[in-house]
Amino acid sequence: MDVLPDSSRLRSDSTSSSASQSSRSKTVLRQRLSQLMTCVEDMSSDDEAGEEVSRTLDEAFQLCGRLLPTDAFRLHMVTWNVATAEPSEDVASLLQLNDQPPIDLYVIGLQEVIATPVRFISDLMAEDSWSHLFMDTLGPKGFVKVTSVRMQGLLLLVFAKMMHLPFIRNIQTTYTRTGIFGYWGNKGAVSVRFSFYGHMVCFVNCHLAAHMHNALQRVDEFEYILETQDFDIFDTPQVLDHKVVFWFGDLNFRIEDHGLHFVRSSINGGRLNLLWSKDQLLMMKKKEPFLQEFEEGPLNFKPTYKFDRKAETYDTSGKKRKPAWTDRILWRIKPKTLPSDEDDEDDEKASTSTDNGQDEYPIMVTQNIYTSVMSYGVSDHKPVIGNFTLELRKYFDTQLVHVAPVGEWSADQNAVLTYTVQEDFMSSTWDWIGLYKIGFKNASDYETFVWVRENELPEVNEVIEKSVDKDEIPLLSGEYVLGYYSTNLNSIVGLSDTFQILESKRAAMEGLVPKDVNGIN
């Protein structure tokens, strides 16, 4: 795997190139303030001037602290054109499961998932083989599938650590067809948007028009996708309304002008920089203002298309296609609203905030890794991964619903749970509470469930009890959680602490465990 050197680590606070300078300035300011506070503490306590300086610096220090993010989360992204191949390889290295610090979110975008009519219909009724592979790999590691969206060969999957589920809300998906005059879904985009601790984020997985001569068409298609995709959310109805947007997929941009021999010799000689000036996406970014708002790490990895399958050798077929960086990951921080003329010209022009009035809740994106994984060979494309750190201040850290088991649980008696709405939200009598075994794969992967109270919606802070029939409780012992699922928010908005279900006496009677005879199993 090609890994970027530390010097290529990217951080963005806004679309301005001075954003990182702003962040560094704040860090330096904090250091200087800390040093000054230490000096002030050494001053005599009866010195009124010293006390005034101390108060002023303390206020400045607190203000600086409020402006800086306080929580960091790791996001791991994958884009891969699988060229209709079935999953036949271990994806552990693709997902960097042992990465440190640990990953919080996985976003996986695939293109050209096999979509014959019969296969596509069957996949609509049950999870496709690629989704199963990722769920089977990530589930035992404590990741739960938050949502997915598919349009023929395009597939987008989002996974999160279980602890984050109650803070991922307002999940919506959509798609746009651009293939065959906009009526066929072999090309286009699928998107997922949600609120992550109150911050609006959107992920757009694209497969754009192929072939060297269609660079302008690819730009037009992406612009069309941005203009036409909409969500039923009043403050973020379109993609670019979101605080952070990730645009990725098989964007299909090629390397112009250079011949096949020059491109391959540059790659083999490790002189990738000789190809950057003729990369169509980088060329288009110089011309198109809306593309300039998107950032991308340096292309310090080999072009990911086109390879012989099961090999790390570029196309040896009769066509001998020229290698290209078709598979990309870009991101955009929503620009801050321009200040009015009355605003101080010396005010921060590269604030980490995205909208006026939200300075206390900035978000910063730092790219840690941007590379390809050459060891995977089922496709003629190599997968590309991007690893990011999201630094943000949480808008909230309280679950909408508190749910908890009451007393001991086993299949020998009916069990009781309680739930309490802690904050007013669009609850529904169609909401339900699931019993999940640790390692569950998605919100539907419950052992059993109960509907919430049917006759009336709960008041805030009202404690409500529900009973769970003993016949619905697992016979064997294990670790479980209870999850409150909101049908309006399309997500689990409350999770209990992990608790133990005790082994039932019926387990031995039904032959699930060996019988204890004279104290010997």
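Rules used in this analysis
Residues numbered from 1 in each chain as written. Predicted model: local features only at pLDDT ≥ 70, side-chain atom pairs only at ≥ 80, totals over all residues. Heavy atoms only, no water. Helix = DSSP H or I, 4+ residues; strand = E, 2+ residues; numbered from the N terminus. Buried < 20%, exposed > 50% of the residue type's maximum accessible area, 1.4 Å probe, protein only. Contact = heavy atoms within 4.5 Å. Areas by Shrake-Rupley, 256 points an atom, 1.4 Å probe, with all protein chains shown as cover. Phe/Tyr/Trp six-rings, centres within 6.5 Å; stacked < 30°, edge-to-face > 60°. Pairing = 2+ DSSP bridges. Axes fitted to C-alpha atoms, helices over the stretch in contact; angles between N-to-C directions. Lys, Arg positive; Asp, Glu negative; His and termini not counted. Salt bridge = Lys/Arg side-chain N within 4 Å of Asp/Glu carboxyl O. Patch = residues over 30% accessible without salt bridge, like charges linked within 9 Å, V, L, I, M, F, W, Y side chains within 5 Å. Charge placed at Lys NZ, Arg CZ, Asp CG, Glu CD. Arc of directions from axis to C-beta. Polar contact = N/O pair within 3.5 Å; in protein donor to acceptor, adjacent residues only side chain to side chain. pLDDT = per-residue confidence, 0-100. Core = buried A, V, L, I, M, F, W, Y, C linked by side-chain atoms within 4.5 Å.

The subject of this paragraph is the overall build of the protein chain. A tally of helices and strands in the protein chain yields 11 helices and 20 strands. Within the protein chain, the proportion of its 521 residues that are buried is 51%. Intrachain contacts of the protein chain at a sequence separation of at least 6 include 70% that bridge at least 24 residues. For the protein chain, the exposed area adds up to about 24500 Å²; of that, 50% sits on carbon and sulfur atoms.

Across all of its chains, the model carries 31 aromatic pairs by this definition. Note on phenylalanine 222 and phenylalanine 294: the rings are 5.6 Å apart at their centroids and 65 degrees apart in plane angle, and the pair reads as edge-to-face. Taken together, the residues span a long stretch of sequence, with phenylalanine 222 in helix H6 (residues 215–228) and phenylalanine 294 in the loop between helix H10 (289–292) and strand E10 (327–333) at a distance of 72 residues. Neither phenylalanine 222 nor phenylalanine 294 differs from the other in exposure class; each is buried. Through pairs of rings, three or more aromatic residues link up here, namely Trp430, Trp432, Tyr436, Phe440, Tyr446, Phe449, Trp451 and Tyr485.

Read across the sheet, three strands follow the order E13-E14-E17 without closing on themselves; strand pairing throughout is antiparallel. Either end of the sheet is taken by a strand with one partner, and the two such strands are strand E13 (401–406) and strand E17 (463–468). Across the sheet, the mean angle separating the axes of adjacent strands is 25 degrees when strand polarity is ignored. Strand direction decides the pairing type here: strand E14 (residues 415–421) and E17, joined by six bridges, are antiparallel.

Attention now goes to the side chain of lysine 285. Residue placement: lysine 285 occurs in helix H9 (residues 280–287). Here lysine 285 sits buried without a salt bridge, and the closest side chain of opposite charge, glutamate 296, lies 5.6 Å off (N-O distance). If near-sequence neighbours (up to four positions away) are discounted, lysine 285 is found in contact with Leu291, Gln292, Phe294, Glu295 and Glu296.

What follows concerns a negative patch on the surface. A contiguous patch of negative charge on the surface is contributed by Glu423, Asp424, Glu456 and Glu459. Tracing the chain through its elements places aspartate 424 in the loop between E14 and strand E15 (432–437). Looking at aspartate 424, the relative accessible area reads 66%, which means it is exposed.

Moving on, we come to H9. Within the span of H9, buried status applies to Gln280, Leu281, Met284 and Lys285. On an axial view of H9, the arc spanned by its buried residues comes to 140 degrees, and they lie on one face. Packing partners of the buried residues in H9 comprise H6, strand E9 (244–250), H10 and E10. Where H9 begins, the side chain of aspartate 279 points an oxygen toward the backbone nitrogen of leucine 281, at a separation of 3.2 Å.

Confidence along the protein chain averages 86 in pLDDT terms, with 77% of residues attaining 70 or more. Long-range and interchain partners of residues 14–25, a stretch whose pLDDT sits below 50, account for 20 contacts in this model, where long-range means more than four residues apart. Under a pLDDT of 50 for its full length, residues 517–521 has, in the predicted model, four contacts with residues more than four places off or in other chains.

What follows concerns helix H5 (residues 129–138). An α-helical turn contains 3.6 residues, so any two residues separated by three or four positions project in the same direction. Extensive coverage of H5 is indicated by the burial of seven of its 10 residues. Every buried residue belonging to H5 is among Trp130, Ser131, Leu133, Phe134, Met135, Thr137 and Leu138, and all of these are buried. Buried residues along H5 sit against strand E2 (71–81), helix H3 (92–95), strand E3 (105–111), strand E4 (143–151) and strand E5 (154–161). The residue sitting at the N-terminus of H5 and contributing the capping side-chain oxygen is aspartate 128; that oxygen lies 3.0 Å from the backbone nitrogen of tryptophan 130.

What follows covers the side chain of aspartate 431. Position of aspartate 431 among the secondary structure elements: in the loop between E14 and E15. The charged side chain of aspartate 431 is buried without a salt bridge, its nearest counter-charge being arginine 453 at 11 Å. At a separation of 3.0 Å, a polar atom in the side chain of aspartate 431 contacts the main-chain amide nitrogen of serine 428. There is a polar contact of 3.0 Å between the side chain of aspartate 431 and the backbone nitrogen of threonine 487. Once residues within four sequence positions are removed from consideration, aspartate 431 is found in contact with Phe425, Trp451, Val452, Tyr484, Tyr485, Ser486 and Thr487.

Let us now look at the nonpolar core. Core analysis: the largest hydrophobic core is formed by 56 residues, its most contacted members being Met77, Phe194, Phe203 and Phe246. With near-sequence residues (within four places) excluded, phenylalanine 194 lies in contact with Val158, Ile168, Arg169, Asn170, Ile171, His199, Met200, Val201 and Phe203. One finds Leu400, Leu417, Phe425 and Leu482 within the second-largest nonpolar core, a separate group that totals 27 residues.

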